[in-house]
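# Examination of the molecular architecture
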Amino acid sequence: MFRKSRVLSPHWYRLPVVRSRERVIHFAIRVAAGISLLITIGIVAILLSQSILFFGNAEVTLRSFFLDTVWQPLIGRFGIVPLLNATVMTSLIAVLTAMPVGLCVAIYLSEYASERARAILKPTLEILAGIPTVVYGYFAIAFITPLLRILFGIFEEHAVQPYNTASAGLAIGILILPLIISLIEDALSAIPNSLREAAYGLGANKLQTSLQVVVPAALSGIVAGFILALSRAIGETMIVALAAGAGPNFTFNPLKGAETITGYIVRISGGDIAYNTPDYNSIFALALVLFLATFILNLISRRVVSHFRESYNE
Amino acid sequence: MQFLIHRFFRSNHTNRLWVATMLFSTVLATSALLILLLTIINNSFGLVIVEDTVPLTAMDPNVQSVADISRGRKIEIIEEHLLPGVLRRLEREQPLSQRSNEELTTIIIEEVTKPKIIHSWSLLQSIGRRQHIMNEYGVTINPQDPTRLEFRFWLHPRILLAPQSAEVEIAGIRAALLGSLWVMLISILLAFPVGVATAIYLEEYARPTLLNRIMQTNIYNLAGIPSIIYGLLGLVVFVRLLGPLTSGQLFQATADYTANGRTIISAGATLGLLILPIIIISAQEALRAAPQTLRDSSYGVGATKWQTIWYHVLPNAIDRIITGAILALSRAVGETAPLVVVGASTFVAIDPKGVFSKFTTLPIQIYQWSARPEDEFRRLAAAAIVVLLLLLLSMNAFAIILRNHYSKKRRLLL
């Protein structure tokens, strides 16, 4: 039906119009793909340039920024310690409460649960993951804080302040729980079945197989999940803006209010603020610290995961 | 020691305890969702004590509510109670005689009766306590009384239609809801084409060069950057650098509602950047799922690369791409922090008129109401949360239906 030459080399492909169209499309797609690189370059450039402006102030030195324990822009004291301390506290509370629960649920889902239980539980946890963070913030002030006040009110009447890092931390814990569960479950189910069968063959029971064989084998994946969850908790904003308190406060008491890095950025940028004042520039310096922290954590977690994958992909 | 560990793991007691711990954790995790939803529902209904500035009986002794007053009498009431200046302003906007009955009712409630909520209770606090509250506060449930006890559905249809207000009684989420829809539209229009093009580049065109590997790693890293940092990016790029463009000055669109680049288009573009990596990653997965045989057979009949992608690969993957885009969009709808940083307005009482208007969105409205100390605003926030969750639920349900529809079709085809 077709002439031979037509089948083997479609001559219309050699038409200039087709060829140039291909080239234009290829170019357009390349440009679009470049945008994602531009975002990163833009973020780094903006954070760096504004931070340099900030450190150009006579009042601020790198040393005082990292070592001063007072953050009061009004009197020219910019010490990141109280903000960083609050961020570390809320994130640690979140990860330390969510991790044991998440680990148990993930082991249950991966090793014990029936197909039916999985079919119900996994979508439920996915719903939890889809709820906006501002709703968790509301939950923290409308439920967790009153609950804490009742619980700790037994010991001391005003032990719990209306805004406190504990309730924010617990709410972040609920927020990152689905993430932790799905990451750990992925790590556990990546363990080849031969390991489990070998354990059973040696006479191990289910508990021994899960805790002494599967979990240690998936340890690096679990650690990666932990790190990723920590990075998510550090960057969480709305929960701490609503529940952790508005005002830098250097305290180690989780029942007292203390503003985190993200909470400060939101409060300052939400108000009316003049561009290029030390106040305004300070939020970029803080954001740079936040960016570097989450970036490094994400990088470590990705390294750990890829290392873990390699060791089981033979 | 080894023996003790062995005995510990072998004992029936430990095994049972372990299963109980796992089940307890699972119940804890799922009950978090349940308690969260119950807290919101608990706060969106309840008893309130309302006090009118001007009692209803003083206006018309024979009716049960303002809406029941006759039209002529309403106009009389308005003319009687309003300050001359306010009255003149209203008349100038539109003469009272030409306004609809509902509008007159709203004016009377806003300007004359001015009901104030003195006290409010949540649903749990309200159940079975009506009589107790009535005795304690000396109020009745008679709708004609100036101070009365009412059972309030905070999620009243009125809240959807009313603009924002400093008064709890007449505050609504209309501007916020419209703002959310506008911002969603802008962000998806910007992010979808770019995201899909990037995914096509990475999956179909890119050779594993260093640059392309960096690009891929970069996209995963972008997805992990805290959203607030995107807000700062948007603030500097869209609000400050591109200010003349995003405030509409270049298009002669400057009207009294412009806000120095703190506009819907800036917000939408910021969220577009935020969801771009999510769209790229999900579109890449969709493209990867398209069978290689499809591409091979298309090349086999002499199609070019782009023809193969456009006529065979994309139609095969489009449902997964769209599902991923909807899920990314539902992430954008719930985002608050970057929009606060970009400069959401704290008070928007008029509907957005276009992409160069000031903006507020539903989550921002929720944030502002939640941050206020008054209980009443917290209840309004709960009602707004219900609206937000319903919006998200319908979007996700749409995505799931789409996925199921197409996966059934695909199974039939194969």
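That block above? That's the structure.
Here's what I pulled together on the structure shown here. Throughout this document, residue positions are counted from 1 along each chain, in the order its sequence is written. Written order decides the labels, with chains lettered from A and ligands numbered from 1. Only residues with pLDDT of at least 70 get local features here, since the model is predicted, and only at 80 or more are side-chain atom pairs given and counted; chain-wide, interface and lining totals rely on the full set of residues.

### Let's talk about the overall build of chain A
Put simply, the rule is: Under the scheme used here, helices are H or I runs from DSSP no shorter than 4 residues and strands are E runs no shorter than 2 residues, and both carry numbers assigned from the N terminus. To get the radius of gyration, use the C-alpha atoms; to get the globule rule, take the number of residues to the power 0.38 and multiply by 2.2 Å. Here a residue counts as buried when 20 or more other C-beta atoms sit within 10 Å of its C-beta, as exposed when there are 12 or fewer, and as partly exposed otherwise, the C-beta atoms being derived from the backbone.
A tally of helices and strands in chain A yields 13 helices and two strands. For chain A, whose C-alpha radius of gyration is 26 Å, the value lies well above the compact-globule estimate of 20 Å for 314 residues. Once the C-alpha set of chain A is aligned to its principal axes, its extents read approximately 90 × 65 × 35 Å. A total of 314 residues make up chain A; the buried ones form 47% of that total.

### As for the nonpolar core
Put simply, the rule is: Only buried residues count toward a nonpolar core: Ala, Val, Leu, Ile, Met, Phe, Trp, Tyr and Cys, linked into one set through C-beta atoms within 7 Å. C-beta atoms are placed from the backbone for every residue, and two residues are taken to be in contact when these atoms lie within 7 Å.
One finds A:Ala171, A:Ile239, A:Leu286, A:Ala287 and B:Ala384 to be the most contacted residues of the largest nonpolar core, which totals 194 residues. Tallying contributions element by element places helix α10 (residues 174-205) of chain B first for this core, with 18 residues. Not counting residues up to four positions away in its chain, the partners in contact with A:Leu286 are A:Ile80, A:Leu83, A:Ile261, A:Tyr264 and A:Ile265. B:Met59, B:Ile77, B:Leu104 and B:Ile107 belong to the second-largest nonpolar core, a separate cluster that totals nine residues.

### Considerations on helix α12 (residues 261-270) of chain A
For α12(A), the tally of buried residues reaches eight of 10 residues, placing the bulk of the element in the interior. All of the buried residues along α12(A) are A:Ile261, A:Thr262, A:Gly263, A:Tyr264, A:Ile265, A:Val266, A:Ser269 and A:Gly270.

### Some details on the interface of chain A and chain B
The line we're drawing: For this scheme, ten residues count as nonpolar: Ala, Val, Leu, Ile, Met, Phe, Trp, Tyr, Cys and Pro. Four count as charged, namely Asp, Glu, Lys and Arg, and the remainder, Gly too, count as polar.
The partner chain B presents 68 residues to the 65 residues of chain A that form the contact. With 16 residues, helix α2 (residues 16-55) of chain A is the single largest residue contributor to the side of chain A that touches chain B. Grouping the amino acids of the side of chain A that touches chain B by side-chain chemistry returns 43 nonpolar, 19 polar and three charged.

### Considering the environment of B:Ala382
Residues and elements named next belong to chain B. Looking at the secondary structure, you find Ala382 in helix α19 (residues 375-413). A residue is classified by how many C-beta atoms lie within 10 Å of it, and Ala382, with 26 of them, is buried. Sequence-distant contacts of Ala382, that is, excluding residues within four places in its chain, are made with Ile40, Asn43, Ser44 and Trp154.

### Things to note about the sheet that holds strand β3 (residues 147-153) of chain B
Residues and elements named next belong to chain B. Quick note on the threshold: A pair of strands is considered paired only if DSSP assigns at least 2 bridges between the two. Lines are fitted to the C-alpha atoms to define the axes, a helix being fitted only along its stretch in contact, and any angle between axes, read from their N-to-C directions, falls within 0 to 180 degrees.
As summarised here, the arrangement of the three strands in space is β2-β1-β3, forming an open sheet in which the pairing is antiparallel. Looking at which strands have only one partner, the edges of the open sheet turn out to be β2 (116-120) and β3. The average angle at which neighbouring strand axes cross in this sheet is 40°, direction not considered. Pairing of strand β1 (residues 45-51) with β2, which is carried by four bridges, proceeds in the antiparallel orientation. When the bridges of β2 are listed, Glu51 appears paired with Lys116.

### What about the packing of helix α4 (residues 81-112) of chain A against helix α10 (residues 219-235) of chain A?
Any two packed helices are characterised by how steeply their axes cross, that is the angle between the axes, and by the distance between the axes. Residues and elements named next belong to chain A. The following threshold applies: Our angle categories are set so that under 35 degrees counts as roughly parallel, over 145 as roughly antiparallel, 65 to 115 as roughly perpendicular, and the remainder as oblique. A clockwise turn of the near helix away from the far one marks a right-handed crossing, whereas an anticlockwise turn of less than a right angle marks a left-handed crossing.
Axis separation between α4 and α10 bottoms out at 9 Å; the angle between their running directions is 140°. The angle between α4 and α10 falls in the class oblique. For α4 against α10, the interelement crossing comes out right-handed. Across the interface between the two elements, Thr87, Ser91, Ala94, Val95, Ala98 and Met99 of α4 pack against Phe226, Ala229, Leu230, Ala233 and Ile234 of α10. Across the contact of α4 with α10, the residue classes break down as nine nonpolar, two polar and no charged.

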